[in-house]
Amino acid sequence: MSHQAAPPDGVVRVRLFAALREQAGWGERQIRLEAGTASAADLWRQLALGADVPTTIRVAINQAFAAPDTPLRPGDEVAFLPPITGG
Amino acid sequence: MPTPSPAGHPIVVRLLEAPFQPLELLDAWQRSREPSMAVQAAESHFIGRVRPTTASGAPLEALELEHYPGMSEAQLQFLAEACAARHGAGAVLVAHRVGRIAPGEAIVLVAVQADRRGPALRCVQELLEDLKHHAPFWKREWSGGSGTWVAGNTPL
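Residues numbered from 1 in each chain as written. Chains lettered and ligands numbered in written order. Predicted model: local features only at pLDDT ≥ 70, side-chain atom pairs only at ≥ 80, totals over all residues. Heavy atoms only, no water.

Enquirer: So what's going on with the pattern of salt bridges? Residues and values would help.
Expert: All told, the structure shown has 14 salt bridges over all chains when counted by the stated rule. Of the charged contacts in the structure, one is a salt bridge between Glu22(A) and Arg140(B), with a shortest N-O distance of 2.8 Å. Taken together, the residues Glu22(A) in helix 1 (residues 18-24) and Arg140(B) in strand 8 (residues 137-143) connect one chain to another. Using a relative accessible area of 40% as the deciding quantity, one classes Glu22(A) as partly exposed. Residue classification places Arg140(B) among the buried residues on the basis of a relative accessible area of 10%. When salt bridges that share partners are traced, they join Arg21(A), Glu22(A), Glu64(B), Glu66(B) and Arg140(B) into one network. (Salt bridge = Lys/Arg side-chain N within 4 Å of Asp/Glu carboxyl O. Helix = DSSP H or I, 4+ residues; strand = E, 2+ residues; numbered from the N terminus. Buried < 20%, exposed > 50% of the residue type's maximum accessible area, 1.4 Å probe, protein only.)

Here it is, written out as structure tokens:
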């Protein structure tokens, strides 16, 4: 398997954007994953951003869209993206 | 300069932090295409400009465009390559502003060259919709000195 859950002491980089960044009061953090935090959805809870990742929020891992239950690995860059309004 | 994609569709993606003139950018792109490529019979363009009012109808002072540096460029490239491959288009140019943009200024330019008008027109429209929904950009409207994040895209 090339994809494994991060060990409990794994560190990931978390990024928030636009309205989500302003609601949280921060845009970027290095986070040491707690025991039981294996996915982006777990990370959302660990950061007290809410219970479940809302369906309107998209997840990107290492700058590519990913499902919220995708396992995290140490060194990953995890971003939570509010509804996109480009163009 | 155009970068040939694995599928062979030359894609140019530009993120611009300062105002740009769409026709000048198009002219430069067309000139860059001429020496190396066979003439494409059809070319379609879309230019999007910042509207002078907010979603609620108030006068707009400026539109602020936030993006995810790195992912936004990669995602535009990916969407353009996929669209060109679906329609058999020959070449694609996508330019998108970031930062603070004044009403009336160009915010997006999409241009597609193809052998026929159908693929050229369809690819421009489809790519525009793709980037509005799947490239990490966020708009904030500034009006009366305060900023409001835009909740969603305007109807087609």
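Enquirer: Can you explain the nonpolar core? Please cite residues and give values.
Expert: Residues and elements named next belong to chain B. Core analysis: the biggest nonpolar cluster contains 29 residues, and Val-92, Val-94, Ile-107, Val-110, Val-112, Leu-127 and Leu-131 have the highest contact counts within it. Taken together, the elements giving at least two residues each to this core come down to strand 4 (62-67), helix 2 (71-87), strand 5 (91-97), strand 7 (106-114) and helix 3 (117-134). A total of six residues in this core trace back to one element, the largest contributor, which is helix 3. The contact partners of Val-94, leaving out residues within four places of it in the chain, are Val-12, Val-13, Arg-14, Leu-76, Ala-80, Leu-109, Leu-127 and Leu-131. (Core = buried A, V, L, I, M, F, W, Y, C linked by side-chain atoms within 4.5 Å. Contact = heavy atoms within 4.5 Å.)

Enquirer: Can you tell me about the pairing of strand 8 of chain B, naming the residues and giving the values?
Expert: Residues and elements named next belong to chain B. Most of strand 8 is tucked away: six of the seven residues are buried. For strand 4 and strand 8, the ladder comprises six bridges, and the chain directions are antiparallel. Within strand 8, the residue paired with Leu-63 across the bridge is Glu-141. Note: strand 8 against strand 9 (residues 146-149), four bridges, orientation antiparallel. When the sheet's bridge partners are listed, Ser-143 is paired in strand 9 with Ser-146. (Pairing = 2+ DSSP bridges.)

Enquirer: Before we move on, could you go through unusual backbone geometry and cite the residues and values that matter?
Expert: Across the chain, the bulk of peptide bonds are trans and the bulk of non-glycine residues have phi less than zero. All names here are of chain A. Its identity is not glycine, yet Ala-18 carries a phi of approximately 50°, on the positive side. Residue classification places Ala-18 among the buried positions, given a relative accessible area of 1%. Even without being a glycine, Asn-62 presents a positive backbone phi close to 55°. Counting through the fold element by element, Asn-62 comes out in the loop between strand 3 (58-61) and strand 4 (64-66). Judged by relative accessible area, which is 39%, Asn-62 ranks as partly exposed.

Enquirer: So, the environment of Cys83(B): which residues are in play, and what are the values?
Expert: Residue and element names in this part refer to chain B. With respect to the helices and strands, Cys-83 occurs in helix 2. Taking the C-alpha atoms as reference, Cys-83 lies 13 Å from His-134; in sequence the two are 51 residues apart. With near-sequence residues (within four places) excluded, Cys-83 lies in contact with Cys-123, Glu-126 and Leu-127.

Enquirer: Explain the pairing of strand 5 (residues 77-81) of chain A residue by residue, including any values.
Expert: Residue and element names in this part refer to chain A. With five of five residues buried, strand 5 is to be regarded as a mostly interior element. With burial as the criterion, each face of strand 5 is covered, one bearing Glu-77, Ala-79 and Leu-81 and the other bearing Val-78 and Phe-80. Across four bridges, strand 1 (residues 11-16) lies against strand 5 in parallel orientation. Within strand 5, the residue paired with Leu-16 across the bridge is Phe-80.

Just distances and angles here, no functional claims.
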